[in-house]
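As a plain string of letters, each chain reads:
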Amino acid sequence: MLNNQQKELVKATVPVLRQNGVALTDYFYHRMLNNNPELKETFNMGNQRSGAQAKALAGAVLAYAENIDDPSVLAPVIELVCNKHVSLNIQAPDYAIVGENLLHSISEVLNISMEDELISAWSAAYQQLADLFIATEKNLYDQHQKTRGSWLGWRQFVVDKKVKENDEITSFYLIPKDNQSLPTYEAGQYITVRVTVPELGIKQPRQYSLSDAPGGKYLRISVKHEQARIAGQDAGYVSSTLHTWIKPGDVIEASAPTGNFYLLNPQCNNVLISAGIGLTPMLAMLKQLTAENSSCEDKQEIAHISDIDEGNKSIYFLHAARSSKAQALRDEISFLANKNKNLKTFIAFENIEQNDVLGKDYHLEGRLNLKQVPESYLPKDADYYLCGPLPFMRQQNNSLLELGIPQERIHSEAFGTGGVSL
């Protein structure tokens with residue numbers, strides 16, 4: 001337990017963390033991965049290469065130091081990170097490795113002795129946080145053990161189909177190699193896929209939202225090929241491996257579906273707002289919602305969900321894409337809209353193609369601006385879900401607040417490293 005003197009010492013490092021936090025965490029990651037190379041198959045080396053991981057950790061360490069008197073205010077971020085840790089199969093002993101390297105990094109970067117009282121204070125602070133993470137993650141692991149069809153750690157999957165959705169995005173249909181059942185996950189959750197990256201010669205993990213509703217015989221991910229389009233930008237290790245090297249019949253590893261971004265109340269009005277590849281969890285949600293609201297006879301064609309309840313709540317699907325060519329899974333969205341009278345769609349394309357038809361293919365030219373969306377598409381009593389690049393979500397979150405939507409009804413998911421702070 002931290003005493004008051006230790007708390008004051010931790011808080012005294014806040015100015016240093018604000019100015020040099022990224023340098024400290026970057027040093028920490030290099031130190032830890034050099035000393036424990038086996039962890040390179042746990043940490044995404046693409047995020048290490050870009051510096052995104054160091055930046056995310058620096059922000060987390062700073063937030064913890066700033067709130068050391070009451071860490072409970074960080075509960076939403078802790079929940080998000082713990083879900084990611086479980087998806088990577090991080091275990092309690094891993095925290096000892098992280099802690100040792102973090103404390104030595106503070107000592108070496110700040111040029112102070114390991115016997116300094118500041119190191120003792122951060123040791124106590126780290127242990128307090130580690131205990132909280134370990135307890136939270138144990139609950140998540142216990143939930144997986146109790147969930148029919150779920151599993152712990154890595155499970156082998158066969159790539160049954162590989163479907164090219166457009167020039168950038170391909171869907172992968174994954175079937176358990178052991179032919180055992182799959183869990184009924186929450187629409188909006190993700191899995192971590194792990195593949196051997198030829199360029200690195202090691203396995204690498206990457207989290208991908210499930211792009212289909214639960215209840216099927218497969219797990220589907222729809223992956224954008226992160227290519228090096230501009231100078232100084234690197235191609236994604238895992239996405240490049242999946243797109244270039246993985247073929248039907250190949251075996252890859254995956255963790256069980258997890259994550260705290262999912263539908264909270266399918267029985268109320270729901271507004272799904274996404275940009276780019278951020279539509280993948282939204283499509284899973286959309287399929288679940290349309291199955292529950294649909295009046296058509298072939299509900300199983302819409303989503304693999306049994307015991308479907310009839311309903312008349314409205315669903316609004318708002319999406320932003322660079323163009324019609326860049327929008328993936330268009331046919332599935334159109335199918336759902338044609339089959340369900342309660343579903344309304346609103347699509348914004350930054351660039352209009354020659355054959356695009358206003359009102360059919362898109363509703364707004366340019367970036368999505370909620371103030372240009374019909375007011376009826378943004379009901380005050382709805383739950384709102386945002387997914388896409390962080391600047392996009394910040395803009396939409398601010399617009400919703402300006403339109404009178406309470407913050408507690410707005411739920412967000414950011415792709416990539418770290419969480420989202422809107």
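If you look the protein up in an unreviewed UniProt entry, it shows as Flavohemoprotein from Rouxiella sp. WC2420.

Of regular secondary structure, the protein possesses 12 helices and 12 strands. Against the compact-globule benchmark of 22 Å for 422 residues, the protein has a radius of gyration of 23 Å, which places it among compact chains. In the protein, which comprises 422 residues, the share counted as buried stands at 51%. Sequence-distant contacts, at least 24 apart, represent 71% of the contacts inside the protein between residues at least 6 apart. Of the accessible surface of the protein, which amounts to about 19900 Å², a share of 48% is contributed by carbon and sulfur atoms. Computed over 39 positive and 49 negative side-chain charges, the inter-centroid distance for the protein is 5 Å.

A few words on helix α8 (residues 237-244). Extensive coverage of α8 is indicated by the burial of seven of its eight residues. All buried positions along α8 are accounted for by Y237, V238, S239, S240, T241, L242 and H243. For α8, the elements touching its buried residues are α3 (45-50), β1 (155-164), β2 (169-176), β3 (190-197), β4 (202-209) and β5 (219-224).

What follows covers the state of the cysteines. In the structure shown here, the tally under the stated rule is zero disulfides. Unpaired in this structure, C387 has its nearest cysteine sulfur neighbour in C268, at a distance of 18 Å.

Now for the packing of helix α5 (residues 75-87) against helix α7 (residues 117-146). It is the contact of α5 with α7, at a shortest axis distance of 9 Å, that shows an interaxial angle of 60°. Compared by their axis directions, α5 and α7 come out oblique. Along this stretch, α5 crosses α7, giving a crossing that reads as right-handed. On the side of α5, the interface is formed by I78, V81, C82, N83, H85 and V86, while α7 contributes L129, L132, F133, T136, E137, L140, Y141 and H144.

Below, the discussion takes up the pattern of salt bridges. What the rule picks out here adds up to 19 salt bridges. A salt bridge links E332 to K287, with the nearest nitrogen and oxygen atoms 2.9 Å apart. Residue E332 is located in helix α11 (residues 330-339), and its partner K287 is located in helix α9 (residues 279-293); the two are separated by 45 residues in the primary sequence. Look at K287 and you get buried, because its relative accessible area is 9%. Here D361 and R330 are joined by a salt bridge, their closest N and O atoms 2.9 Å apart. Of this pair, D361 sits in the loop between β9 (343-349) and β10 (364-365) while R330 sits in helix α11; the two residues are 31 residues apart in sequence, bridging distant segments of the chain. Residue R330 is classed as partly exposed on the basis of its relative accessible area of 25%.

If you check UniProt for "domain: Globin" (unreviewed entry), the listed places come out as residues 1-138 in our numbering. Taken end to end, residues 1-138 is 77% helix and 0% strand, and its two terminal C-alpha atoms sit 21 Å from one another.

A word on the packing of helix α6 (residues 92-110) against α7. Their axes nearest at 10 Å, the elements α6 and α7 cross at an angle of 155°. By the angle class used here, α6 and α7 are roughly antiparallel. The crossing of α6 and α7 is right-handed. Across the interface between the two elements, A92, Y95, V98, G99, L102, L103, I106, S107 and L110 of α6 pack against L118, I119, W122, S123, Y126, A130, F133, I134 and E137 of α7. Partitioning the contact of α6 with α7 into residue classes produces 14 nonpolar, three polar and one charged.

With respect to the helices, strands and loops of the structure, R194 is situated in strand β3. Take R194: its relative accessible area is 12%, and that puts it in the buried class. Engagement of the side chain of R194 in a polar contact is seen with the side chain of E253, the distance being 2.8 Å. Ignoring sequence-local partners within four residues, the contact set of R194 consists of E41, W154, K203, Q204, P205, I252 and E253.

Confidence along the protein averages 91 in pLDDT terms, with 92% of residues attaining 70 or more. Counting interchain partners and residues more than four positions distant, the pLDDT-below-50 stretch residues 417-422 has 21 contacts.

Next up on the list: the pairing of strand β6 (residues 251-254). Where β1 meets β6, four bridges bridge the pair, whose relative direction is antiparallel. Looking at the pairing, Q156 lines up with E253 of β6. As defined by bridge partners, β3 adjoins β6 across two bridges and the pair is classed as antiparallel. Bridge assignment links R194 to a residue of β6, and that residue is E253.

Let us now look at the side chain of N44. Mapped onto the fold, N44 is located in the loop between α2 (14-35) and α3. Separated by 2.8 Å, the side chain of N44 and the backbone nitrogen of G46 make a polar contact. Excluding residues within four positions of it along the chain, N44 makes contact with Q204, P205 and R206.

About the thresholds
- Residues numbered from 1 in each chain as written.
- Predicted model: local features only at pLDDT ≥ 70, side-chain atom pairs only at ≥ 80, totals over all residues.
- Heavy atoms only, no water.
- Helix = DSSP H or I, 4+ residues; strand = E, 2+ residues; numbered from the N terminus.
- Rg over C-alpha atoms; globule rule 2.2 N^0.38 Å.
- Buried < 20%, exposed > 50% of the residue type's maximum accessible area, 1.4 Å probe, protein only.
- Contact = heavy atoms within 4.5 Å.
- Areas by Shrake-Rupley, 256 points an atom, 1.4 Å probe, with all protein chains shown as cover.
- Lys, Arg positive; Asp, Glu negative; His and termini not counted.
- Charge placed at Lys NZ, Arg CZ, Asp CG, Glu CD.
- Disulfide = S-S within 2.5 Å.
- Axes fitted to C-alpha atoms, helices over the stretch in contact; angles between N-to-C directions.
- Parallel < 35°, antiparallel > 145°, perpendicular 65-115°, else oblique.
- Left-handed = near helix turned anticlockwise from the far one by under 90°.
- Salt bridge = Lys/Arg side-chain N within 4 Å of Asp/Glu carboxyl O.
- UniProt positions renumbered as here; feature names shortened; annotations may be inferred.
- Nonpolar A, V, L, I, M, F, W, Y, C, P; charged D, E, K, R; others polar.
- Polar contact = N/O pair within 3.5 Å; in protein donor to acceptor, adjacent residues only side chain to side chain.
- pLDDT = per-residue confidence, 0-100.
- Pairing = 2+ DSSP bridges.

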